[in-house]
Amino acid sequence: MPSLINIVRDKFLDAIRSVNPPGRWKILVVDEHSQKLLGSVLKQFDVLQENVTQIENIANNRDVQPGFEAIYLLMPTSQNVDRIIRDFSDGRQHYAGAHLFFVEGLAESLFQRLTASPAEPFLKGLKELFINFWATEAQTFSIQDPAQFFSIYSPPRSESLHQLARERLEEDLRFNARLIANVCITLNEFPYIRYYMPQSHLPLGPLKPNPQTRPPPPPESASRWRSNLARGADARAYEAVETDFVTKLLAFMVQATLEEHKKNNPEFAKTPESVRPRSTLIITDRSMDSVAPFIHEFTYQAMANDLLPIMNGTKYTYKFQSSLGAYEDKTATLSDSDTVWTEVRHMHMREAIDKLMADFNKFLEENAVFKGEGAANLNDMKEMLASYHNTKSKEKSMAQECMAIFERAKLPDVATVEQCCATGVNAEGKTPKSLVEEMVPLLDSREVHNIDKVRVIALYVQYRDGVPDEDRRRLYQHARLTLAEQDAVNALVHLGVRITRNPTDKDLKKKLKQNLLLKNTNYLEDQVADKLDNTMFPYVREAPTQAPLAQSLRSPPPQTTSLRSQKPAWHRAPKPGAIANDHKQRIFVFVAGGMTYSEQREAYNLSTSLNKDIFIGSTHTFTPREFVDDLKVLDLGGTGSRAVPNGLRDMNGGQRSYQEFYDERYYTKDAPPPQKVQTGGGLSAPKSSAPKLSPTNSTSGSIHSLTPSAKEEKKKKKGFFRF
């Protein structure tokens with residue numbers, strides 16, 4: 001299966017390698033965001049190995065170097081286009097020539113500005129890469145914008161702000177559509193697009209029907225009002241607001257973006273169906289499953305990110321014991337380049353520990369020095385153990401710390417209650433009869449953390465499809481929740497969850513059961529089996545031609561039935577069993593509002609069991625703690641959150657073009673001009689002191705003389721794009 005990380009890396013390298021100036025050496029000019037994207041898949045040394053003599057930030061004061069050609073790897077903003085033009089204007093020629101590579105599509109107006117500028121004679125070429133997304137894992141991608149959780153679900157603070165809140169959300173959705181399209185274009189796929197249509201609630205957040213955003217109703221006397229055969233345009237427009245779900249708006253925007261790209265690039269996605277079946281993109285949002293974020297997962301990656309202080313899912317600091325026996329702090333990066341991590345991250349924690357121990361025992365067997373005796377052998381043992389720990393101790397440290405918390409915080413008991421609430425059955429597959437009796441002692445216990453109590457109560461409220469206000473108050477009282485923690489549970493109403501049930505409310509038990517069964521049935525399995533409900537997951541445009549599935553391309557049905565299993569199966573590991581196929585059909589899943597690590601894992605598992613290439617992406621990936629923290633301030637529009645501590649951006653300026661929004665998003669401040677200092681009787685401008693990355697101190701003269709020395713090689717390997 002192709003790795004998104006490798007594909008993006010290769011596209012960056014291909015762009016750099018495609019520029020071969022006569023003198024061999026070239027300069028790479030980046031901006032703040034393109035540098036981060038480049039750094040997410042390539043190391044500095046990898047870039048400099050491609051005959052790149054210097055890496056510069058376009059916002060800095062750069063030396064004029066007309067002896068070198070430059071590769072501009074930039075975001076397609078108006079600001080960057082103006083900077084390129086400025087490099088070759090007013091008699092200045094910053095470089096011998098400019099090879100332009102934009103991370104995604106350049107607006108036609110900006111292209112025209114470039115070609116009509118004084119820089120035009122110096123432009124050697126222009127290419128759009130369409131890789132403006134974060135390839136976080138081989139099969140996962142992200143927009144890395146957790147603020148969109150509040151943009152999608154936070155209710156406007158007042159009735160008068162509904163229109164502005166909707167305009168802000170639509171800006172974000174247009175941006176999301178471009179990035180999702182980037183993923184499809186990168187993989188040369190024009191997928192069928194389906195989207196989730198909730199059946200149990202109206203649109204949420206800024207999309208909730210409101211007089212400000214809803215056309216006026218047709219006159220009561222209108223002859224076609226409420227006619228099922230021929231509805232009037234006014235009636236259709238009035239009622240359309242009730243189906244303006246975030247998934248629908250986003251799906252139509254992605255479709256329009258891909259159609260526009262296809263119109264401008266006729267060769268896009270021309271892979272014959274006989275070579276690879278056309279892919280499908282399924283767009284959902286967090287409200288489709290508000291249960292999964294609360295559940296304790298006991299697979300390695302999900303559990304570690306839930307219980308340990310891992311920064312952004314990649315940086316983990318732990319105690320490392322050297323060969324001298326001293327302990328020191330060490331920070332490890334958890335990424336796809338770490339083979340030990342990728343081997344165990346989706347295993348159940350018990351199986352991961354067993355594998356790590358088996359690998360350690362195998363290490364002992366393969367090193368005969370451990371079988372000896374005496375001081376010399378003990379010293380050798382220390383050195384070899386230190387070497388072993390240097391590669392695998394972080395996994396052992398993570399596993400041991402997770403298991404210590406697992407026992408200390410009563411997570412076995414907590415998980416049992418959680419699974420009963422999430423699935424509606426106990427370990428024996430029967431309806432739980434004593435759920436409250438099992439839950440209340442956990443809420444009363446001081447050994448159970450408050451965050452875990454919030455998760456249990458949130459799951460119980462959803463299991464009951466709401467509880468009376470007095471019962472919910474008693475649960476809060478048993479758990480001794482703070483007001484902010486109570487707000488987190490109450491905020492579920494903004495995700496379409498019913499949290500309150502009055503005595504006069506109808507009994508929705510049967511309806512709830514049907515919804516849960518439909519909700520918990522894995523829609524990816526149904527998609528592959530061509531059984532996915534077209535009412536709940538309609539197509540944006542045409543549906544694929546009905547054709548029987550070739551059984552030879554599919555493995556037996558998998559054991560689990562959803563991203564969180566219908567029956568408790570958290571203690572079992574999935575059993576892969578699919579045949580290899582280099583031309584497998586691709587399925588893309590995008591979850592607006594955030595995804596969990598357990599959902600990422602399931603994408604890998606289903607890729608194997610369904611024999612498909614499944615890629616999953618979202619606005620961001622969160623841990624249960626982060627999800628609860630965001631719920632606490634959902635009513636406040638994110639004010640006080642880690643993502644947007646000052647709240648969502650202001651929209652007082654009203655509607656603006658997409659390019660204006662894009663320019664603001666990727667705006668970077670130019671470095672101040674170099675200060676002129678007085679020397680003797682006159683003024684002179686010193687050279688810029690802005691730091692640069694270069695394997696050579698030379699900025700002029702023959703480029704053939706730039707032979708890296710040992711010191712320069714060391715500079716190549718040290719650090720990463722520091723400007």
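Computed from a predicted model, the values in this text were never measured in an experiment.

Calculation notes
Residues numbered from 1 in each chain as written. Predicted model: local features only at pLDDT ≥ 70, side-chain atom pairs only at ≥ 80, totals over all residues. Heavy atoms only, no water. Helix = DSSP H or I, 4+ residues; strand = E, 2+ residues; numbered from the N terminus. Buried < 20%, exposed > 50% of the residue type's maximum accessible area, 1.4 Å probe, protein only. Contact = heavy atoms within 4.5 Å. Areas by Shrake-Rupley, 256 points an atom, 1.4 Å probe, with all protein chains shown as cover. Salt bridge = Lys/Arg side-chain N within 4 Å of Asp/Glu carboxyl O. Pairing = 2+ DSSP bridges. Axes fitted to C-alpha atoms, helices over the stretch in contact; angles between N-to-C directions. Expected span 1.5 Å × (residues − 1). pLDDT = per-residue confidence, 0-100. Phe/Tyr/Trp six-rings, centres within 6.5 Å; stacked < 30°, edge-to-face > 60°. Lys NZ or Arg CZ within 6 Å of the ring centre and 35° of its normal.

**Some thoughts on the overall build of the protein chain**
In step 1: Within the protein chain one finds 24 helices and 15 strands.
In step 2: Here the protein chain holds 723 residues, and 51% of them are scored as buried.
In step 3: Taking as baseline every contact in the protein chain between residues at least 6 positions apart, the subset at least 24 positions apart corresponds to 81%.
In step 4: As displayed, the protein chain has an accessible area near 34,400 Å², and 51% of this comes from carbon and sulfur atoms.

**Description of the pattern of salt bridges**
In step 1: By the definition in use, this model includes 37 salt bridges.
In step 2: Taking the shortest distance from any N to any O, the salt bridge between Glu50 and Arg17 comes out at 3.0 Å. Here Glu50, found in the loop between helix H3 (44-48) and strand S2 (52-57), pairs with Arg17, found in helix H1 (residues 4-17); they are 33 residues apart in sequence, far enough to count as distant.
In step 3: With a closest N to O distance of 2.4 Å, Glu470 and Arg473 form a salt bridge. In this pair, Glu470 and Arg473 are both assigned in helix H17 (residues 469-479), three residues apart and thus about one turn of the helix distant.
In step 4: What emerges from the salt-bridge pattern is a single network uniting Glu171, Asp172, Arg649, Arg656 and Glu664.

**Focus: the environment of Pro672**
In step 1: Mapped onto the secondary structure, Pro672 falls in the loop between helix H23 (658-665) and strand S14 (677-679).
In step 2: It is 8.2 Å that separates the C-alpha atoms of Pro672 and Asn60, two residues lying 612 residues apart in sequence.

**Regarding the sheet that holds strand S5 (residues 123-128)**
Two strands in a sheet stick together by hydrogen bonds in their backbones, pointing the same way (parallel) or opposite ways (antiparallel).
In step 1: Strand order in the open sheet formed by five strands is S2-S1-S3-S4-S5, with parallel pairing between adjacent strands. The open sheet has two free edges, formed respectively by S2 and S5, since each of these has just one partner strand. Between one strand axis and the next, the sheet turns by 20 degrees as a mean value, whatever way the strands run.

**Brief notes about H1**
In step 1: In this model, H1 (14 residues) spans 20 Å end to end at C-alpha, consistent with the 20 Å of a helix rising 1.5 Å per residue.
In step 2: Among all positions of H1, only Leu4, Ile5, Ile7, Val8, Phe12, Leu13, Ala15 and Ile16 are buried.

**Here's the deal with the confidence of the model for the protein chain**
In step 1: Confidence in the prediction for the protein chain averages 84 pLDDT; 79% of positions are at 70 or higher.
In step 2: Within the model, the stretch residues 373-378 combines pLDDT values under 50 with two contacts to residues more than four positions away or in other chains.
In step 3: Confidence over residues 681-723 falls short of pLDDT 50; this stretch has 86 contacts with residues more than four positions distant or in other chains.

**Quick word on the packing of aromatic side chains**
Think of a pair of aromatic rings as described by two things: how far the centres are apart, and how the planes are tilted against each other in angle.
In step 1: Enumeration over the complete set of coordinates arrives at 23 aromatic pairs.
In step 2: The ring of Phe190 carries the charged tip of Arg278 above its face, separated from the ring centre by 5.4 Å.
In step 3: Sitting over the face of the ring of Tyr192, Arg278 holds its NZ or CZ atom 4.0 Å from the ring centroid.

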